[in-house]
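A look at the structure
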Amino acid sequence: AQKITQTQPGMFVQEKEAVTLDCTYDTSDQSYGLFWYKQPSSGEMIFLIYQGSYDEQNATEGRYSLNFQKARKSANLVISASQLGDSAMYFCAMREAISNFGNEKLTFGTGTRLTIIP
Amino acid sequence: DGGITQSPKYLFRKEGQNVTLSCEQNLNHDAMYWYRQDPGQGLRLIYYSQIVNDFQKGDIAEGYSVSREKKESFPLTVTSAQKNPTAFYLCASSIRDGLETQYFGPGTRLLVL
């Protein structure tokens, strides 16, 4: 079963508008972490924002905010005042335990390609 | 500047050949990871290492091998047993701080001739 679901393969947004990228996740763990990464055409994965499962406040980092709805198991990324440089692939990922010895891994969604239109 | 470096940027492999991808970090991170990315897909975990001289298989370890002799280095060998090696390979590292945020290198694109 897919653990991270990103239902928007591609989005087109006008420059300066806000955009919401959807992410839903599936886990039975009580403690987990949710991440968003940006992958420009160069290929490098750039960390954007993190939300812990016990964090009561939604995470924010500059123009990025994470709309965390725990009961719905959703962790949508909101980008305010979009810029041309925001055009990239965006991946949602969840940290989950691999073993009982503290080993953890990230499970990634299939990504959303965001294109900002001038 | 601290960061993760991967080399080469592009790598070509002939049939039956083993090739090694380099990953070095100077962030003093304990954990290191190797991921594979295929077109239109997310990342899949190949191998990971939490400490020096120890590593574990990820979800798609068959046809790959790794070593972790130094904290800074985590090379990945793509062996001839990997029948479909063409992909983009990303190395990452993280520190045990509760968040375990993984930071990625620039990647190596492997192509089969």
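I will try to describe carefully the structure that is included in this document.

Each regular strand carries side chains that alternate between the two faces of the sheet. Residue and element names in this part refer to chain A. Across the six residues of strand S9 (residues 74-79), five count as buried, placing the element largely inside the fold. In this sheet, S9 lies alongside strand S3 (residues 19-21) in antiparallel orientation, the contact comprising three bridges. Across the sheet, Leu21 pairs through a bridge with Leu77, a residue of S9. As paired strands, strand S8 (residues 64-69) and S9 are joined by six bridges and run antiparallel to one another. In the strand pairing of S9, Phe68 is matched with Ala75. Taking the residues between adjacent antiparallel strands as the criterion, S8 and S9 are bridged by four residues, where Lys73 takes a positive phi near 55 degrees.

For the rest of this paragraph, the subject is the nonpolar core. One broad trend across soluble globular proteins is that nonpolar side chains are buried collectively. Residue and element names in this part refer to chain A. Core analysis: the biggest nonpolar cluster contains 25 residues, and Tyr25, Trp36, Ile49, Leu77, Tyr90 and Leu114 have the highest contact counts within it. Looking at this core, the elements that each hand over two or more residues are strand S2 (10-14), S3, strand S5 (33-39), strand S6 (46-52), S8, S9, strand S10 (88-97) and strand S12 (112-117). Top element by residues in this core is S10. It accounts for four residues. Not counting the four nearest positions on each side in its chain, Leu114 is found in contact with Met11, Val13, Val19, Ile79, Asp86, Ser87, Ala88 and Tyr90.

Turning to the interface of chain A and chain B, a few remarks are in order. Chain A puts 20 residues into the contact, and the matching count from chain B is 24 residues. When chain A packs against chain B, close to 1700 Å² is buried across both sides, 54% of that on carbon and sulfur atoms. For the pair chain A and chain B, the interface holds one salt bridge. Ionic pairing is found between B:Asp59 and A:Lys105, a salt bridge with its closest N-O pair at 2.7 Å. Those elements that place two or more of their residues in the side of chain A that touches chain B are S5, S6, S10 and strand S11 (104-108) of chain A.

What follows covers the sheet that holds strand S7 (residues 64-66) of chain B. All names here are of chain B. Within the open sheet, the four strands sit side by side as S1-S3-S8-S7. Their pairing is antiparallel. The sheet terminates laterally at strand S1 (4-7) and S7, the two strands that pair on one side only. Within the sheet, the average angular offset between the axes of one strand and its neighbour, ignoring direction, is 20 degrees. Here four bridges tie S1 to strand S3 (residues 19-25), and the two strands are oriented antiparallel to one another. Pairing of Thr5 across the sheet is with Glu24, part of S3.

What counts as what
Residues numbered from 1 in each chain as written. Chains lettered and ligands numbered in written order. Predicted model: local features only at pLDDT ≥ 70, side-chain atom pairs only at ≥ 80, totals over all residues. Heavy atoms only, no water. Buried < 20%, exposed > 50% of the residue type's maximum accessible area, 1.4 Å probe, protein only. Helix = DSSP H or I, 4+ residues; strand = E, 2+ residues; numbered from the N terminus. Pairing = 2+ DSSP bridges. Core = buried A, V, L, I, M, F, W, Y, C linked by side-chain atoms within 4.5 Å. Contact = heavy atoms within 4.5 Å. Buried area = accessible area lost by both parts, 1.4 Å probe. Salt bridge = Lys/Arg side-chain N within 4 Å of Asp/Glu carboxyl O. Axes fitted to C-alpha atoms, helices over the stretch in contact; angles between N-to-C directions.

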